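# Reading the structure
Here is how the chains run, residue by residue.
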Amino acid sequence: MPLLIVFGWLVVSGATGSFESKLGDVATNDGAAYLPANAESIKADNQQALFWDNKTYPAVVVYQRTSGITAQDRAAVQSDATAAAALPGLRGAVGPVTASKDGQALQFTVPVLNTTDAMHTTVAKLRGLASSHPGLAGHVTGLGGLYEDLSKSFSSIDGQLLLVAVGLVILVLILVYRSPTLPILVLLGVALASGVAAAAVYGLTKSGAISLTGQSQGVLSVLVVGATTDYSLLLISRYQEELRRTASKYDALAAAWRAVLWPVLASGVTVILGTLCLMLSDLNSNRSMGPVAALGIGASLLTGLTFMPAVLALTGRGAYWPVRPHFGSTASTKEGVWGRVAGLVGRRQRVVWVSTALLLVLAAGFSAQFKASGIALADSFSTKTDGVAGQDVLSAHYPGGAGTPVTVIAKQEALDPVLAATRGIGGLTAVAPLTAAGDPANGTGAANGPAKVVNGLVEIDGVLDTTPDSPAAVHAVRQLRTAVHQVAGADAKVGGYTAVTIDTRDASDRDLRTVIPLVLLVILVVLALLLRSLVAPLLLVATVVLSYAATMGVSALVFNHVFHFAGADPSIPLLGFVFLVAFGVDYNIFLMHRVRAESLQHGTRTGTLTALRLTGGVISSAGIVLAATFAALAVVPMVSMAQQAFIVGFGVLLDTMLVRSLLVPALTLELDRRVWWPSRAGLKRSATGSGTASEHQPQLIH
């Protein structure tokens, strides 16, 4: 039977192995993939599309000579603009070459079609033109240039990210188990799970059932590596324990599989349900993350509970070579690291939980400093790209909103009052309706002539006099919305990059108020069903929420004062919450399920300390593996990915090393039998002292 299961998985691998490399073909990395659904800015964007055959992202080609632009520079830039107009992938005319007031810069705007091929090809050729003039620094920025940089940041995600994640897993497994065989078996499982998850995500994305962003693709890769390794480690560790007590490797495997089945299933279901709650988010990027992450966890569960048992049945004790767990051998339960930790918790339970809780509360106090009100697109890269360099030049010599206009769509009969209201907003310049001959991408909307009317609608465009994602720009657009909404019968809607930024922030605030309570409710229900208790689930959820708050506090200090990040995407706190709380409860499930099993035989005190000694090593190893795999996200040169890497990586380590190892066991001892309320039946009263009736059981990892 094990051989048939392994053979079946190899057949599945042959059918699904190629899909991981195909995910990039269906992933969307342009701005639309991250926009809030049903927001005013999206409605305005959809209505604006009626005025044009295809949507564009303006690419701003900007040049700088600090000593002053020369006549030769003007001729060269004009030649570039002429060459740009002949490029494929444009919609509309290339804007005129304009000089800055200080005479040190030149720029023109190119309306690039919002398609992946057009963006990549056109921006690459524009950068080739701009960089061909010695002494004249040229860059391609604006939404076209910056979104191309964003796309390139995720382009290596299939190879480099997985390579780093897998390398970290191999290192951790070798250090923990001192066996060259186990990492190979685990990584085989990872490869199988990755193929199944990729095939499912690819098929659903291709059919239009879900969307895939570069961010979701990156998280899927590390999530499958980390989760598959975690679930495999639990079985490997318990199997090692049973092999010491059972002569037959098959009987030992059956006992180990039965022991880990329910906690692994409960763990996987908790994470799946928690991530699926993201589908209720108003942000498309979060909605994409939910089903993608759930599919990854599902594939990891399937592999961990089928392939890993089969391959362990075939390899038996040889899987642990050179340190084989022979029948009748013992491993210390007292002298190891986790024996000493259990001894400390048993002797000083109140001091342990009070001091640990105070430390977490202190760290959580800094969470108010976490800046998640948004981050400028130019500040979103952890390395300086050509688009970022160009944005610096553009901001230094031109109005901050050049190349990213604010758009108002209104009914034709309300054109005059809406135009007047728009012109009355401070911070907006060059306000004019789009005419039949005009093009907002090149600033000719102010041309004389009647406004262009499509389906009874008109378009009004303006340019901000500051950067489009600055506080001043946000304030101006909010004022604009208030003003045009008050025009009777106009049904005016405000769009553009700044409006999208505002809607994204507002949607993130709503998500925090709706998704977080739902995630907590789902986790409480799963824990209550597994532990048959109400007190224990409340205790566990409270500790992981405190752990999350402490993580955000430490992250705020690190991001603000060590890495000096300009801010954070509004979705970061929610994603951090979902992953940290789900995985934090994950590890507590592994611990408390063993605590309950031991408590049924020996009482809560003995059961808690025994479970801590027996599971401390494997759960901590699993936490280190998951933290290491999420840390691999930092190789993607995006601030948001680096922030997710730190939040999840540090948070998982904090939870496994401090919360699950000290706080939860100490609180469980403090509450004693009350922790299992209302299902006290069958739980023995705790014996005095910290000794256990299960000391003959082997310690797996020291």
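What you see is a predicted model, and the numbers here were worked out from it, not measured in a lab.

## Observations regarding the overall build of the chain
The helix and strand inventory of the chain stands at 21 helices and eight strands. Along the three orthogonal principal directions, the C-alpha set of the chain runs to about 90 × 50 × 50 Å. The buried share of the chain, reckoned over its 702 residues, is 60%. A fraction of 83% describes how many contacts in the chain between residues 6 or more apart in sequence connect residues 24 or more apart. Carbon together with sulfur atoms contributes 62% to the accessible area of the chain, which is approximately 26200 Å² in total. Taken together, the 47 basic and 41 acidic charged side chains of the chain have centroids lying 14 Å from each other.

## What about the pairing of strand S1 (residues 56-64)?
Burial of S1 is extensive: nine of the nine residues sit out of reach of the surface. Of the two faces of S1, the one lined by Thr56, Pro58, Val60, Val62 and Gln64 and the one lined by Tyr57, Ala59, Val61 and Tyr63 are each fully buried. Pairing geometry for S1 and strand S3 (residues 105-113), over nine bridges, is antiparallel. Bridge assignment links Pro58 to a residue of S3, and that residue is Pro111. Note that S1 and strand S4 (residues 137-141) share five bridges and pair antiparallel. When the bridges of S4 are listed, Tyr63 appears paired with Gly138.

## Concerning the nonpolar core
Side chains that are nonpolar tend, in soluble globular proteins, to be buried together. Phe108, Val110, Met308, Leu312, Val345, Phe579 and Phe630 are the most contacted members of the largest nonpolar core, which totals 161 residues. In terms of residue count, the dominant contributor to this core is helix H19 (residues 572-602) (17 residues). Sequence-distant contacts of Val345, that is, excluding residues within four places in its chain, are made with Val352, Leu609, Leu612, Ser661, Leu662, Pro665, Ala666 and Leu669. Counting residues in hydrophobic clusters, the runner-up holds 27 residues, among them Ile460, Leu464, Val474 and Leu480.

## Some words on the sheet that holds strand S5 (residues 406-411)
Think of a sheet as strands paired side by side through backbone hydrogen bonds, with each pair either parallel or antiparallel. Strands sit in the order S6-S7-S5-S8 across an open sheet of four strands; the sheet is antiparallel. Unpaired on one side and paired on the other, strand S6 (428-433) and strand S8 (493-495) mark the two borders of the sheet. With direction set aside, neighbouring strand axes in the sheet form an average angle of 20°. Pairing of S6 with strand S7 (residues 457-464) involves four bridges; the strand directions are antiparallel. In the sheet register, Leu428 faces S7, and the bridge partner there is Leu464. Most of the contacts of helix H3 (residues 40-48) go to S8, to which it runs at about 90°, and overall it touches S5, S7 and S8.

## Here we look at helix H17 (residues 497-531)
With 35 residues, H17 ought to run about 51 Å at 1.5 Å a step, and its terminal C-alpha atoms sit 49 Å apart, in line with that. For H17, the principal kink sits at Asp511 and spans about 30°. Of the residues flanking the end of H17, it is Arg532, one or two places downstream, whose phi is positive at about 55°.

## Concerning the packing of helix H12 (residues 337-347) against helix H20 (residues 604-631)
Here H12 crosses H20 at 145°, and the two axes come no closer than 9 Å. In terms of crossing hand, the pair formed by H12 and H20 is right-handed. Listed contacts from H20 to Trp338, Gly339, Val341, Ala342, Val345 and Gly346 of H12 are Arg605, Leu609, Leu612, Arg613, Gly616, Gly617 and Ser620. Its residues placed into classes, the contact of H12 with H20 shows six nonpolar, five polar and two charged.

## Here we look at a nonpolar patch on the surface
Together, Val269, Leu273, Leu276 and Met279 line one region of the surface with nonpolar side chains, adding up to about 280 Å² of accessible area. Relative to the helices and strands, Leu273 resides in helix H10 (residues 249-276). When its relative accessible area of 33% is taken as the criterion, Leu273 is described as partly exposed.

## As for the packing of aromatic side chains
According to the stated counting rule, one finds 11 aromatic pairs in the structure shown. Centre to centre, the rings of Tyr239 and Tyr320 are 6.3 Å apart; their planes meet at 50°, and the pair counts as tilted. Placement of Tyr239 in helix H9 (residues 214-245) and of Tyr320 in the loop between helix H11 (284-315) and H12 is noted, with a sequence separation of 81 residues between them. The class of Tyr239 is buried, set by a relative accessible area of 0%. For Tyr320, a relative accessible area of 2% puts it in the buried group.

## Digging into the pattern of salt bridges
Summed over the entire model, instances satisfying the criterion amount to 16 salt bridges. Arg245 is the partner of Glu241 in a salt bridge, and the nearest nitrogen-oxygen pair spans 3.3 Å. Residue Glu241 and its partner Arg245 are both found in helix H9; the two are separated by four residues, about one turn of the helix. Judged by relative accessible area, Glu241 falls into the buried class, the value being 0%. Sharing partners across several salt bridges, the network here consists of Arg238, Glu241, Glu242, Arg245, Arg594 and Glu598.

## Some words on the sheet that holds strand S2 (residues 98-99)
Pairing in this open sheet of four strands is antiparallel, and the strands run S2-S3-S1-S4 from one edge to the other. Looking at which strands have only one partner, the edges of the open sheet turn out to be S2 and S4. Pairing of S2 with S3 involves two bridges; the strand directions are antiparallel. Residue Ala99 lies in a different strand from S3, and its bridge partner there is Leu106.

## Considerations on the packing of helix H15 (residues 415-423) against helix H16 (residues 471-485)
The geometry of H15 relative to H16 is characterised by a closest axis approach of 9 Å and an angle of 155° between their N-to-C directions. Compared by their axis directions, H15 and H16 come out roughly antiparallel. Both H15 and H16 take part in a crossing whose hand is right-handed. On H16, the residues touching Val418, Ala421 and Thr422 of H15 are Leu480, Ala483 and Val484.

## Focus: H16
Structurally, the α-helix is built with 3.6 residues per turn, so residues lying three or four positions apart point the same way. End to end, H16 covers 21 Å across 15 residues, agreeing with the expected 21 Å (1.5 Å per residue, within 8%). Turning to H16, its buried residues number three or more, namely Ala473, Val474, Ala476, Val477, Leu480, Arg481, Ala483 and Val484.

Thresholds applied
Residues numbered from 1 in each chain as written. Predicted model: local features only at pLDDT ≥ 70, side-chain atom pairs only at ≥ 80, totals over all residues. Heavy atoms only, no water. Helix = DSSP H or I, 4+ residues; strand = E, 2+ residues; numbered from the N terminus. Buried < 20%, exposed > 50% of the residue type's maximum accessible area, 1.4 Å probe, protein only. Contact = heavy atoms within 4.5 Å. Areas by Shrake-Rupley, 256 points an atom, 1.4 Å probe, with all protein chains shown as cover. Lys, Arg positive; Asp, Glu negative; His and termini not counted. Charge placed at Lys NZ, Arg CZ, Asp CG, Glu CD. Pairing = 2+ DSSP bridges. Core = buried A, V, L, I, M, F, W, Y, C linked by side-chain atoms within 4.5 Å. Axes fitted to C-alpha atoms, helices over the stretch in contact; angles between N-to-C directions. Expected span 1.5 Å × (residues − 1). Bend = angle between axes of the 7 residues up to and from the residue. Left-handed = near helix turned anticlockwise from the far one by under 90°. Nonpolar A, V, L, I, M, F, W, Y, C, P; charged D, E, K, R; others polar. Patch = residues over 30% accessible without salt bridge, like charges linked within 9 Å, V, L, I, M, F, W, Y side chains within 5 Å. Salt bridge = Lys/Arg side-chain N within 4 Å of Asp/Glu carboxyl O. Phe/Tyr/Trp six-rings, centres within 6.5 Å; stacked < 30°, edge-to-face > 60°. Parallel < 35°, antiparallel > 145°, perpendicular 65-115°, else oblique.

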